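# Architecture and fold: a report
So you can see what is in the structure, the chains are spelled out below.
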Amino acid sequence: MENLKNIAVLASGNGSNFQAIVEAVKRGKIKAQLKLLVSDNPEAYCLQRAAKAKVKAFIADRRDFSAKGDFEEQIILKLKSEKIGLIVLAGFMRLLSAEFIRKYRGRILNIHPSLLPAFKGARAIKDAFDYGAKVSGVTVHFVDEETDHGPIILQEPLKIKTGWGLKELEKNIHSLEHKIYPRAISLFLKGRLRLEGRKVRILKP
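Because the structure is predicted, anything quoted here is derived from the model rather than measured.

## Some remarks on the overall build of the protein
- When its secondary structure is counted, the protein shows six helices and nine strands.
- Relative to the 2.2 N^0.38 estimate, which gives 17 Å for 205 residues, the radius of gyration of the protein is 17 Å and therefore close to what a compact globule would have.
- Each principal axis of the C-alpha distribution contributes one length, and for the protein these read about 50 × 40 × 35 Å.
- Taken across its 205 residues, the protein has 48% of its residues classed as buried.
- Of all intrachain contacts in the protein linking residues separated by at least 6 positions in sequence, the fraction that spans at least 24 positions is 62%.
- Of the charged side chains in the protein, 38 are positive and 22 negative, and the gap between their average positions amounts to 9 Å.

## A closer look at the side chain of D40
- Examined against the element boundaries, D40 turns out to sit in the loop between β2 (33–39) and α2 (46–53).
- A relative accessible area of 8% means that D40 is categorised as buried.
- A polar contact is formed between the side chain of D40 and the side chain of S12, at a distance of 2.5 Å.
- A polar contact is formed between the side chain of D40 and the side chain of R94, at a distance of 2.9 Å.
- If sequence neighbours within four positions are ignored, D40 has contacts with A11, S12, A60, D61, R62, F71, F92 and R94.

## A few points about the pairing of strand β6 (residues 135–142)
- Of all eight residues in β6, seven are buried, a share of seventy percent or more.
- Judged from the four bridges that link them, strand β5 (residues 108–112) and β6 form a sheet pairing that is antiparallel. Bridging across to β6, I111 finds its partner in V140.
- Direction of pairing for β6 relative to strand β7 (residues 152–159): antiparallel, over a ladder of seven bridges. When the sheet's bridge partners are listed, V135 is paired in β7 with K159.

## Considering the nonpolar core
- Judged by nonpolar contacts, the single largest core of 45 residues is most densely connected at I7, V9, I153 and I185.
- Top contributing element to this core by residue count: helix α6 (residues 166–189), with 10 residues.
- Beyond its immediate chain neighbours, meaning those up to four positions away, I153 contacts L109, V140, H141, F142, A184, L193, V200 and I202.
- Counting residues in each nonpolar core, the second largest holds 20 residues, with L36, I84, L96 and V143 among its members.

## Regarding the pairing of strand β8 (residues 193–196)
- Pairing of β8 with strand β9 (residues 199–202), which is carried by four bridges, proceeds in the antiparallel orientation. Considered in β9, the bridge of L193 is made with I202.
- The turn joining β8 and β9, which pair antiparallel and follow one another in sequence, is formed by two residues; a positive phi near 70° is taken by G197.

About the cut-offs
Counting from 1, residues in each chain are numbered in the order their sequence is written. In keeping with the predicted nature of the model, local features appear solely for residues at pLDDT of at least 70, side-chain atom pairs appear and are counted solely at 80 or more, and the whole-chain, interface and lining totals rest on all residues. Values reported for side chains reflect all heavy atoms of the structure, with hydrogen atoms and water molecules removed beforehand. Every helix listed is a DSSP run of H or I at least four residues long, and every strand listed is a run of E at least two residues long, numbered separately from the N terminus. The reference for a compact globule is 2.2 Å times residues^0.38; the radius of gyration itself is calculated from the C-alpha atoms. Exposure is judged per residue with a 1.4 Å probe applied to protein chains only, and the accessible area is read against the type maximum: over 50% gives exposed, under 20% gives buried, and values in between give partly exposed. Residue contacts follow a heavy-atom distance rule, with two residues in contact if any of their heavy atoms lie within 4.5 Å. When charges are counted, Lys and Arg are positive and Asp and Glu negative, with His and the chain ends excluded. Every charge is mapped to an atom, namely NZ of Lys, CZ of Arg, CG of Asp or CD of Glu. Distance and chemistry together define a polar contact, namely a pair of N or O atoms within 3.5 Å, with one atom able to donate a hydrogen and the other to accept it when in protein, and with adjacent residues in sequence counting only for side-chain atoms on both sides. Two strands qualify as a pair provided that DSSP identifies no fewer than 2 bridges between them. Grouping buried Ala, Val, Leu, Ile, Met, Phe, Trp, Tyr and Cys residues that are joined through side-chain atoms within 4.5 Å yields what is termed a nonpolar core.

This is the structure:
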């Protein structure tokens, strides 16, 4: 039986958002069990973070599977075995299939480093910087079948200061992510998010 208080994080790289979630759980800001880290990259640094935090890790290397369906089925089996109720994407560089999303509809969160719908895709920070945007920011949203499209839970703007290079922008965006993501996860776990079509209403405590 799935439990909404059991969280799995899916990550492919450094895992700084995973680390922010680990710390939020330790401080009691996220009242849940961080049960599992799933990574598609055996070399990802997030796996070292998980080991240090004593969080169970599961590696599903896409290269080991001839079909995407088989790859995802292994992940789903692991999620079920750990009774995962909430899936948190944190730099997971694989697009989930519509079938996967349907199985966990309304229970997959993602964070994106722009104010959606602006600057979708994997290069959002660089795209905003190259475009000369004056304001960027961070979006937490539910995942649906389209890329960077699902209903928005929280957004936080960031003014791009004159003289910032790409590195400064990246640093400040990531810092903002680490604040806003645990907040959104906590709202979900407290049952304070209500989906109304494309809109997410945040209920009062």
